Amino acid sequence: ATRCPDLESADDDALLDAAKRRAFNNEIILATTNAGGAHLAANLVANLRSVGVEHYLLFSNAKAACERLTSKGGPSAWTIDAAYTSYLDGHPGLETYGLTVEEGAVPFRLWWARLRYMERLVGAGYNVMYVDTDASFRVNPYALLKGPFGGFNLFAQDETGLLNGLNVGVVYAQNAKIGGPTHRALNETVNRMLAALESDPPLTRWDGTMPWGWAGKEVMWDQHIFNDVVETFAWGKHIERRSGRCLIENAKRDAWERERGYPAYFGDGAIGDGWTAEVVTISAEDIENAGGLDVTVGQHTVHAAPFKNYFPGVNASATTTTTTT
């Protein structure tokens, strides 16, 4: 295998080749890093290994950053397999919106690549998890994901308790039918990101200025767009609340949402938090298999959102599926 391959290489479809080498039981975990985050990346690998997980696919924003991880003189005492991505490298839209920073806390190319690769690998039949490198596992998560939560297809880390308050620091897709709602939702997330980046003419805010730099980040952040897509598939209509409101004047954002008929969570005409309550049962065996998870045996109520059989650009069907987040 090529040391530090570019996952965008079309010669041997490097992403699928890397997944084939790294996956275990059709499971793969994606993680990203830049040069400044190499120590966090090494720590994540050690953490995954501590709970018996080796099927990670770690990729960086540049070959030099990748080589730092894979070399014997790298930042850790472990051998770390890694790749890098040239996805969107040199894309003119990055310069247009001031999103060219590769280091620091806003590496946009890496953010966009993570969901692009999730979508591609789900489309290839894999169960795919993405985790930020500052995530930490105390137990092997698969005992619960494949046990009590085995009927759920798409997971994301909760941040606010609301349907549109998800954090993409941990996202997992399992048993997702190719071309089904979960796969389409990931595909729609990537399409919306590219549509914003390649908008012609470029996007503008309420005052006529371009969303440049931090403002551009708010409009094009994959976390905002992912939340918009989850809402879209949950309600069966196009919603762009979190990304779109960043172009609207602060004082007019609530009115803008009402005009578009977006669901109101805990506001006028509120419908609650947007979630459906589902019940899962956790057994003593589940806890033992997870390595001693600190959770009580019995029934637990969890947040879920059945996805509509929604097709972007087409009126949504009223038919729901078992796909949930």
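Look up a bit, the structure's there.
Everything numeric in this text was worked out from a predicted model, so none of it was measured.

### Topic: the side chain of aspartate 286
- By the secondary structure assignment, aspartate 286 is in helix α12 (residues 284-289).
- There is no salt bridge for the buried aspartate 286, and the closest opposite charge comes from lysine 146, which lies 13 Å off by N-O distance.
- Within polar-contact distance, the side chain of aspartate 286 engages the backbone nitrogen of serine 283 at 2.9 Å.
- In this structure aspartate 286 touches Ala143, Leu144, Pro148 and Thr281, once residues within four positions along its chain are discounted.

### Let's talk about the state of the cysteines
- For the coordinates displayed, the defined rule picks out one disulfide.
- A sulfur-sulfur distance of 2.1 Å marks the disulfide that ties cysteine 4 to cysteine 66. Between cysteine 4 and cysteine 66, the S-S dihedral sits near -100 degrees, and the bridge is therefore left-handed. On the criterion of sequence distance, the pair formed by cysteine 4 in the segment before α1 (14-22) and cysteine 66 in helix α3 (residues 63-70) is long-range, its members being 62 residues apart.
- Look at cysteine 4 and you get buried, because its relative accessible area is 3%.

### Focus: the environment of proline 107
- Tracing the sequence through the fold places proline 107 in the loop between α4 (92-96) and α5 (108-123).
- C-alpha separation for the pair proline 107 and asparagine 250, spaced 143 residues apart in sequence, amounts to 26 Å.
- For proline 107, the contacting residues outside a window of four places in its chain are Asn34, Val101 and Glu102.

### Details of helix α7 (residues 181-197)
- With 17 residues, α7 should cover 24 Å at 1.5 Å per step; its first-to-last C-alpha distance of 24 Å lies within 8% of that length.
- Extensive coverage of α7 is indicated by the burial of 13 of its 17 residues.

### Some thoughts on the nonpolar core
- In terms of nonpolar packing, the biggest core is built from 58 residues, with Trp112, Met220 and Phe226 touching the most fellow members.
- At ten residues, the largest contribution of residues to this core is made by α5.
- Residues in contact with phenylalanine 226, not counting those within four places in the same chain, are Leu115, Leu154, Ala156, Leu166, Val168, Val171, Leu186 and Thr189.
- Membership of the second largest hydrophobic core comes to 34 residues, among which are Ile29, Ala38, Ile80 and Ile287.

### Some details on unusual backbone geometry
- Note that the residue after aspartate 200, namely proline 201, is joined by a cis bond; omega there is 5 degrees.
- Looking at the element boundaries, proline 201 is found in the loop between α7 and α8 (214-220).
- A positive phi is found at leucine 88, a non-glycine position, where the angle reads about 65 degrees.
- Structurally, leucine 88 is set in the loop between β3 (82-84) and α4.
- Judged by relative accessible area, which is 12%, leucine 88 ranks as buried.

Quick notes on the rules
Residues numbered from 1 in each chain as written. Predicted model: local features only at pLDDT ≥ 70, side-chain atom pairs only at ≥ 80, totals over all residues. Heavy atoms only, no water. Helix = DSSP H or I, 4+ residues; strand = E, 2+ residues; numbered from the N terminus. Buried < 20%, exposed > 50% of the residue type's maximum accessible area, 1.4 Å probe, protein only. Lys, Arg positive; Asp, Glu negative; His and termini not counted. Salt bridge = Lys/Arg side-chain N within 4 Å of Asp/Glu carboxyl O. Polar contact = N/O pair within 3.5 Å; in protein donor to acceptor, adjacent residues only side chain to side chain. Contact = heavy atoms within 4.5 Å. Disulfide = S-S within 2.5 Å. Expected span 1.5 Å × (residues − 1). Core = buried A, V, L, I, M, F, W, Y, C linked by side-chain atoms within 4.5 Å.

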